[in-house]
Amino acid sequence: MQTMPAHAAHHDDREIETLEEFDATVSARGTLAGHRVQAVDLTDRTRELLTTDTAGAVFLGCAMREDADAKVRADGALVFPPVPGLPFDPYRGLVYSPDELFASLADGYEATPDALAYAWFQRTKADRDIYASMLRSVHDDSVSDALDELLSGARVVGVMGGHAMARGTEEYAGAARLGRELARAGFTIATGGGPGAMEAANLGAYAAPFDDEMLTESLELLGKAPHFTPSITQWASATFEIRTRWPQGGRSVGIPTWFYGHEPPNAFASHIAKYFANATREDGLLARSNAGVVFLPGAAGTLQEIFDNATPNYYESRGEPTPMVLVNRVHWAEKLPAWPLLRSLAQGRSMEARIALVDRIEEAPEALKRLGG
């Protein structure tokens, strides 16, 4: 079964990202000197802050009372206070959960933190305000840091494909079975976190601990809201209905962006690393797919990902080339002929042994294993 390392196991032990970690550090070490405290509400920890050494500590977006604030600053700590009125926390210590991004879905998608963050982005992205762009950068950097901690030691397979693949189609069911099989083989699935092929792969990973019947029923249920237009609320609600009926599904990662704000994230990914900057998101998704990438049929976005992935494989700039499996011969050899170009590019280089074109989605896991040695 799929493993994803426990969150806190691998991060720098001077980083504190939860109240539990804060309490444990204070009681075990008796000092916070030189520590980094990230997005932890410390309003009820005034006594601890007043009596503990915080020299050289950095507090990122931690709410605290005035006397505690004054004391830690006097100690020589750096305090970056929480930013009021923002629909997101730029200093967050963890990636998002579906419940967090879709909170208030019952009042309509427009009321969710996900939609509010997009609305804020729309308002601020054109006004060239250095403060807004700094907040976006700090947020994206925090998310990258949290994602690295989450995936430390995991064997990650990226599944790429277009958002246009509708629920209720045979292609969608195939992508879900692919995600399930890879998750059951011990891989952590990572997708672009959006609808379509991406959602199907995250659904497959979610379905990994359950029997065939669960996936069949889920596909049927989702088919009633095939697309995120006209109603994101209905589309997302179908997902939460499945999550409620079959709780504790398998874990996987979605890496979406507010850059494509009309396209909501899917809630089958247990961990969602959502970015403002699409370039950071694209590169991060591929760079973290250390066990290879499967490319399902898609359009411009997927095509871009193929060559974004091919370049470091060609130059071996991230070390040994990782497997690339393109699915659907007609699509990638004729309709959008990326395969002939990829093959020519790979010729005579070590990546040549790491690329494959398969006709059917069912052949992808076997090809991935073969290429991965």
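The model shown is predicted, which means the values in this text are computed figures rather than measured ones.

Undergrad: What am I meant to see in the pairing of strand β10 (residues 324–327) here?
TA: Every regular strand shows the same layout, with side chains that alternate between the two sheet faces. A two-sided burial pattern is seen for β10, the buried positions comprising M324 and L326 on one face and V325 and V327 on the other. Relative to β10, strand β9 (residues 293–295) runs parallel, the two sharing three bridges. If you follow V293 over to β10, its bridge partner there is M324. Considered for its hand, the β-α-β crossover made up of β9, helix α12 (residues 300–315) and β10 is right-handed. Two elements, β10 and strand β11 (residues 355–358), share four bridges in a ladder whose sense is parallel. Paired with V327 across the bridge in β11 is V358.

Undergrad: What exactly am I supposed to notice about the sheet that holds strand β4 (residues 78–80) here?
TA: Here we have four strands laid out as an open sheet, ordered β1-β2-β3-β4, and parallel in their pairing. Whereas interior strands pair on both sides, the edge strands pair on one side only; in this sheet they are β1 (15–16) and β4. Here two bridges tie β1 to strand β2 (residues 36–38), and the two strands are oriented parallel to one another. Considered in β2, the bridge of I16 is made with V37.

Undergrad: Looking at this structure, how should I read the environment of Q122?
TA: The residue Q122 is located in helix α5 (residues 113–124) in this model. A residue is classified by how much of its surface remains accessible, and Q122, at 36% relative accessible area, is partly exposed. Considered as a pair, Q122 and K71 are 51 residues apart in the sequence and their alpha carbons are 39 Å apart. Among the polar contacts made by the side chain of Q122, one reaches the side chain of K125 at a distance of 3.0 Å.

Undergrad: Before we go on, may I ask you to explain helix α1 (residues 19–29) in this structure?
TA: Note on helix geometry: an α-helix contains 3.6 residues per turn, so any two residues three or four positions apart are oriented the same way. If you check which residues of α1 are buried, you get E21, F22, T25 and V26. Angularly, the buried residues of α1 cover 130 degrees about the axis, an arc narrow enough to put them on a single face. Opposite the buried face of α1, at more than 90 degrees from it, the exposed residues are E20, S27 and A28. Of the surrounding secondary structure, the elements contacted by the buried residues of α1 are β1, β2 and α2 (46–51). Of the residues trailing α1, G30 is marked for its positive phi of about 70 degrees.

Undergrad: Before we go on, may I ask you to explain the sheet that holds β9 in this structure?
TA: Across a sheet, strands are paired by hydrogen bonds formed along the backbone, either parallel or antiparallel in direction. One open sheet accounts for seven strands, arranged β8-β7-β6-β5-β9-β10-β11; its pairing is parallel. The open sheet has two edge strands, β8 (271–272) and β11, and neither has a second partner. Each of β10 and β11 touches helix α14 (residues 338–346); the most contacted strand, β11, lies at about 155 degrees to it.

Undergrad: What should I look at first to understand the nonpolar core in this one?
TA: Core analysis: the largest hydrophobic core is formed by 53 residues, its most contacted members being F102, W120, L147, I306, L326 and L342. Sort the elements by how many residues they give to this core and helix α6 (residues 130–151) lands first, with seven residues. Ignoring sequence-local partners within four residues, the contact set of L326 consists of F295, I306, W332, W339, L342, A356, L357 and V358. If you look at the next biggest cluster of nonpolar residues, it comprises 42 residues, including V159, A173, L182 and W246.

Undergrad: So what exactly am I meant to see when it comes to the packing of aromatic side chains here?
TA: Here a ring pair, both rings aromatic, is described through the centre-centre distance and the interplanar angle of the planes. Counting across every chain of the model gives 14 aromatic pairs. Of the aromatic side chains, those joined through ring pairs into one cluster are F88, Y96, W120, F121, W258 and F276. Here the guanidinium or amino end of K125 rests over the ring plane of F121, the centre of that ring lying 5.3 Å away. Over the ring of F187 we find R155, and its NZ or CZ is 4.5 Å from the ring centre.

Undergrad: I keep staring at unusual backbone geometry and nothing clicks. Help me out?
TA: Excluding glycine, most residues fall at negative phi; most peptide bonds, likewise, are trans. That bond from T229 to P230 is cis: its omega, 0 degrees, falls within 30 degrees of zero. On the secondary structure map, P230 appears in the loop between α9 (212–222) and α10 (232–245). A positive phi angle, near 70 degrees, is found at S104, a position not held by glycine. As for its position among the elements, S104 is in the loop between α4 (98–101) and α5. Despite not being glycine, Q248 shows a phi value in the positive range, around 60 degrees. With respect to the element layout, Q248 can be found in the loop between α10 and β7 (253–254).

About the thresholds
Residues numbered from 1 in each chain as written. Predicted model: local features only at pLDDT ≥ 70, side-chain atom pairs only at ≥ 80, totals over all residues. Heavy atoms only, no water. Buried < 20%, exposed > 50% of the residue type's maximum accessible area, 1.4 Å probe, protein only. Helix = DSSP H or I, 4+ residues; strand = E, 2+ residues; numbered from the N terminus. Pairing = 2+ DSSP bridges. Right-handed = clockwise from strand over helix to strand, strands pointing away. Polar contact = N/O pair within 3.5 Å; in protein donor to acceptor, adjacent residues only side chain to side chain. Arc of directions from axis to C-beta. Contact = heavy atoms within 4.5 Å. Axes fitted to C-alpha atoms, helices over the stretch in contact; angles between N-to-C directions. Core = buried A, V, L, I, M, F, W, Y, C linked by side-chain atoms within 4.5 Å. Phe/Tyr/Trp six-rings, centres within 6.5 Å; stacked < 30°, edge-to-face > 60°. Lys NZ or Arg CZ within 6 Å of the ring centre and 35° of its normal.

Purely spatial values, then, with no claim about function.
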